[in-house]
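# Observations on the model geometry
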Amino acid sequence: MSTLEERLQRLEDEHRIAQLVASYGPLVDHGDADQVADLWAEEGSYDVDELYMGDRAAIHDMVLSEGHQGLIGGGVTHFLGPAHVRVDGDTAVAVCHSILLVHRDGRYYPVRSGANRWEFERRDGDWKAVRRVTRTLDGRPEAHGLFEL
Amino acid sequence: MSTLEERLQRLEDEHRIAQLVASYGPLVDHGDADQVADLWAEEGSYDVDELYMGDRAAIHDMVLSEGHQGLIGGGVTHFLGPAHVRVDGDTAVAVCHSILLVHRDGRYYPVRSGANRWEFERRDGDWKAVRRVTRTLDGRPEAHGLFEL
Amino acid sequence: MSTLEERLQRLEDEHRIAQLVASYGPLVDHGDADQVADLWAEEGSYDVDELYMGDRAAIHDMVLSEGHQGLIGGGVTHFLGPAHVRVDGDTAVAVCHSILLVHRDGRYYPVRSGANRWEFERRDGDWKAVRRVTRTLDGRPEAHGLFEL
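Residues numbered from 1 in each chain as written. Chains lettered and ligands numbered in written order. Predicted model: local features only at pLDDT ≥ 70, side-chain atom pairs only at ≥ 80, totals over all residues. Heavy atoms only, no water.

For the structure on display, the rule yields 21 aromatic pairs over all chains. When the centroid spacing of 5.7 Å and the interplanar angle of 10 degrees are considered together, the rings of C:Trp118 and C:Phe120 count as stacked. With respect to burial, C:Trp118 and C:Phe120 carry one shared label: buried. Among the aromatic side chains, those forming a connected cluster through ring pairs are A:Tyr24, A:Trp40, A:Tyr46, A:Trp118 and A:Phe120. Lying across the ring of B:Tyr109, B:Arg104 places its NZ or CZ 5.1 Å from the centre. Cation over ring: C:Arg132 sits above C:Tyr24, and NZ or CZ is 4.3 Å from the ring centre. (Phe/Tyr/Trp six-rings, centres within 6.5 Å; stacked < 30°, edge-to-face > 60°. Buried < 20%, exposed > 50% of the residue type's maximum accessible area, 1.4 Å probe, protein only. Lys NZ or Arg CZ within 6 Å of the ring centre and 35° of its normal.)

Between chain C and chain A, the contact holds 30 residues from the first and 33 residues from the second. A buried area of about 2500 Å², summed over both sides, lies between chain C and chain A, and 64% of it is on carbon and sulfur atoms. Sorting the residues of chain C by area buried against chain A places C:Arg7, C:Leu11 and C:His97 first, and these three jointly supply 23% of that buried surface. The interface formed by chain C and chain A contains 2 salt bridges. C:Arg7 is the salt-bridge partner of A:Glu12, the closest N and O atoms lying 2.7 Å from each other. Here chain C is connected to chain A by 10 residue pairs in polar contact (both at pLDDT 80 or more). (Contact = heavy atoms within 4.5 Å. Buried area = accessible area lost by both parts, 1.4 Å probe. Salt bridge = Lys/Arg side-chain N within 4 Å of Asp/Glu carboxyl O. Polar contact = N/O pair within 3.5 Å; in protein donor to acceptor, adjacent residues only side chain to side chain.)

What follows concerns the confidence of the model for chain A. Per-residue pLDDT for chain A averages 97, and the proportion of residues at 70 or more is 99%. If you check the scores for this complex, the pTM reads 0.98 and the ipTM reads 0.97. (pLDDT = per-residue confidence, 0-100.)

What follows deals with the interface of chain B and chain A. At the junction of the two partners, chain B supplies 33 residues and chain A supplies 30 residues. The contact between chain B and chain A buries some 2500 Å² in all, and 64% of this surface belongs to carbon and sulfur atoms. The largest contributions to the chain B side of the interface with chain A come from B:His30, B:Phe79 and B:Tyr108, which together make up 26% of the buried area. The tally of links from chain B across to chain A stands at 10 residue pairs in polar contact (both at pLDDT 80 or more). Looking at the side of chain B that touches chain A, the elements that each hand over two or more residues are helix 1 (4-30), helix 4 (66-74), strand 3 (76-80), strand 5 (91-104) and strand 6 (107-123) of chain B. The biggest single contributor to the side of chain B that touches chain A is helix 1 of chain B, with 15 residues. Within the side of chain B that touches chain A, the residues separate by chemical class into 14 nonpolar, 15 polar and 4 charged. (Helix = DSSP H or I, 4+ residues; strand = E, 2+ residues; numbered from the N terminus. Nonpolar A, V, L, I, M, F, W, Y, C, P; charged D, E, K, R; others polar.)

Here's what the structure looks like:
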């Protein structure tokens, strides 16, 4: 049997990780490079189909890039679904969907739907992403394979 | 006044149910028939507009069906929104939206938006779905009626 | 160091606010004016691009309005993403995305994607929205600016 404190700690961990994931979309649509990058550990990676960011600095650069800033200027929505979180001691895995909508002439187009798998580690008492992989759900097994729970 | 343990238990219950709902989309897009079916009690039902699955075995069959596997092979996204959960002792109700997006030629089409009402029961210390009803939000009162809270 | 009770209280607060936000979409699609309005304090406001509702009564009127009832009758989905919540004593801020889908002839069109910033206050032991601002994510800085965390 777990103690009250152990049960509370487990809830806090799962809740905290779900909240970190829930903050990604708003932060990246806001263009806040510092806070987006701070979700990751310094050596944490973010691997999207066409773009591999190998550390926190590369993620920071992506937010400030012309491409991303152009998306924000035209109207963009990084809509992430509620994360399913599994904590195992000081490591955790979270999976969720993400839909990217782009605004054009008063309409909104879902231009991508992705599978996301986040790996977190506890660092100095807080959780940091050490790896995130996102793949387009277009039928490729490596995309829906990220949803192995 | 509730004790700390009662308050913690309530949070754990609501959190656990929300996490079960959050796992449905990733699991069904992954095609994991065992884990999808395991969200339900053995006699649990899943009632969608055009398809009635009367027990866990029928849900398992649906995931393995040609129709569903064809969706996965072409690229599909079962995107469920965050669940609103109400627990009452050993039963609970959760409601959420769901959007079904289908990939075709590099584009993503929202082909259905649904209202979902899940009923859960506590079984041997964990929660199992005993009933889920999904109806397309196309103006029919029986669809948005599922959102009675 | 926080006591167990303080930690539990914090979790309860964040969870409760996320649940209130998660109930908005289902309630407003259901057309339940009383329960939608009850999410707000009596003087609470809801400020959307083209519509300013200055108190709870105005929000109640909106749900019962011909415009909103017409949306429900045709098939509408107010899909809100998982809220990121920050509590500070008896006040809190929650942000989330929202997508509005409209049904027409068996298809679903995302006609708006919005940034949402909710401000809550603790009132008589429960949380009430005192302000919600929603802006269309079409590139205007005042929209994605709502996502400052």
